[in-house]
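# Coordinate inspection notes
What follows is each chain in one-letter form.
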Amino acid sequence: MFKLDKKKKRSLAYVGIIGGCAVLALTFFSICQFEKAKYKASETMRSSCQMSLDNVKAKDADALTDEASVWHDLAVFWDSATTDFTNISNQNAGAYKGTAIPAYIFSMATLVSFGLVLKDAEKVKEQEEKEVA
C-alpha cells in the first residue's frame, strides 16, 4: 500500500468536508424546488376549486345543504375537491419547508466549511514556515 503524507490527507479531508456539504446542499435544493413546484400546483388547484365552489354558491347559496337544489351535486363535488386540495396543499407546504430548511443549512455549512478550511490552511502554512525558519 502507498502511504499518504499529512498534506495529502488534509487536502482529502478538506475536499470531503466541502464536497459533502455542497453535494447535500445541491441535493436538498433540487428536492426543495420539486416540492415548491408541487406546492404551487396544488395551491393553484385549490384556488380554482374554491372559485368554482364560490360560483356555484353564487347561483344558489344553499346548494351545499339543500339536497333538492339543482346545484347540490356540483356544490358537493367542488366542496370535496376544495377540501382535498387544501389538505394536499398543506402537505406540500410542509414538504417544501422540510426540504428548504436543510438545503439552507447545508449551503451555509458549505460556505462556513470553506472559510474554516481556508483559515486552517493558512494556520498550517504559518506553522510550516516557522518550522522551516
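Structure first, text after, so check above.
Residues numbered from 1 in each chain as written. Predicted model: local features only at pLDDT ≥ 70, side-chain atom pairs only at ≥ 80, totals over all residues. Heavy atoms only, no water.

## Overview of the environment of Gln-33
Checked against the element boundaries, Gln-33 lands in helix α1 (residues 6-59). Along the sequence, Gln-33 and Thr-99 sit 66 residues apart, while their C-alpha atoms lie 8.8 Å from each other. (Helix = DSSP H or I, 4+ residues; strand = E, 2+ residues; numbered from the N terminus.)

## What about a nonpolar patch on the surface?
Nonpolar side chains collect at one region of the surface, where Ile-101, Tyr-104, Ile-105, Met-108 and Leu-111 lie side by side and expose about 530 Å² of accessible area between them. Within the secondary structure layout, Ile-101 lies in helix α2 (residues 72-132). Taking relative accessible area as the criterion, Ile-101 reaches 52% and is therefore assigned exposed. (Patch = residues over 30% accessible without salt bridge, like charges linked within 9 Å, V, L, I, M, F, W, Y side chains within 5 Å. Areas by Shrake-Rupley, 256 points an atom, 1.4 Å probe, with all protein chains shown as cover. Salt bridge = Lys/Arg side-chain N within 4 Å of Asp/Glu carboxyl O. Buried < 20%, exposed > 50% of the residue type's maximum accessible area, 1.4 Å probe, protein only.)

## Some remarks on the packing of aromatic side chains
Per the counting criterion, the structure on display carries three aromatic pairs. Between Phe-77 and Trp-78 the ring centres are 5.0 Å apart and the planes differ by 70 degrees, which places this aromatic pair in the edge-to-face class. (Phe/Tyr/Trp six-rings, centres within 6.5 Å; stacked < 30°, edge-to-face > 60°.)

## Observations concerning the packing of α1 against α2
It is the contact of α1 with α2, at a shortest axis distance of 6 Å, that shows an interaxial angle of 160 degrees. Compared by their axis directions, α1 and α2 come out roughly antiparallel. By crossing handedness, the relation of α1 to α2 is classed as left-handed. Residues that form the contact of α1 with α2 fall into these classes: 34 nonpolar, eleven polar and eight charged. (Axes fitted to C-alpha atoms, helices over the stretch in contact; angles between N-to-C directions. Parallel < 35°, antiparallel > 145°, perpendicular 65-115°, else oblique. Left-handed = near helix turned anticlockwise from the far one by under 90°. Nonpolar A, V, L, I, M, F, W, Y, C, P; charged D, E, K, R; others polar.)

## Some remarks on the environment of Lys-3
If you trace the backbone, Lys-3 turns up in the segment before α1. Along the sequence, Lys-3 and Asp-79 sit 76 residues apart, while their C-alpha atoms lie 70 Å from each other.

## A closer look at the side chain of Asp-60
Along the polypeptide, Asp-60 turns up in the loop between α1 and α2. This buried residue, Asp-60, is left without a salt bridge; Lys-57 holds the nearest opposite charge, at 11 Å. In this structure Asp-60 touches Ser-69 and Trp-71, once residues within four positions along its chain are discounted. (Lys, Arg positive; Asp, Glu negative; His and termini not counted. Contact = heavy atoms within 4.5 Å.)

## A short note on the pattern of salt bridges
Considering all chains together, one arrives at three salt bridges under this definition. With a shortest N-O distance of 3.2 Å, Arg-46 and Glu-43 are connected by a salt bridge. Taken together, the positions of Arg-46 and Glu-43, both in helix α1 and three residues apart, correspond to about one turn of that helix. Taking the relative accessible area as the measure of exposure, Arg-46 reaches 24% and is therefore partly exposed. Note on Glu-43: relative accessible area 24%, which makes it partly exposed.

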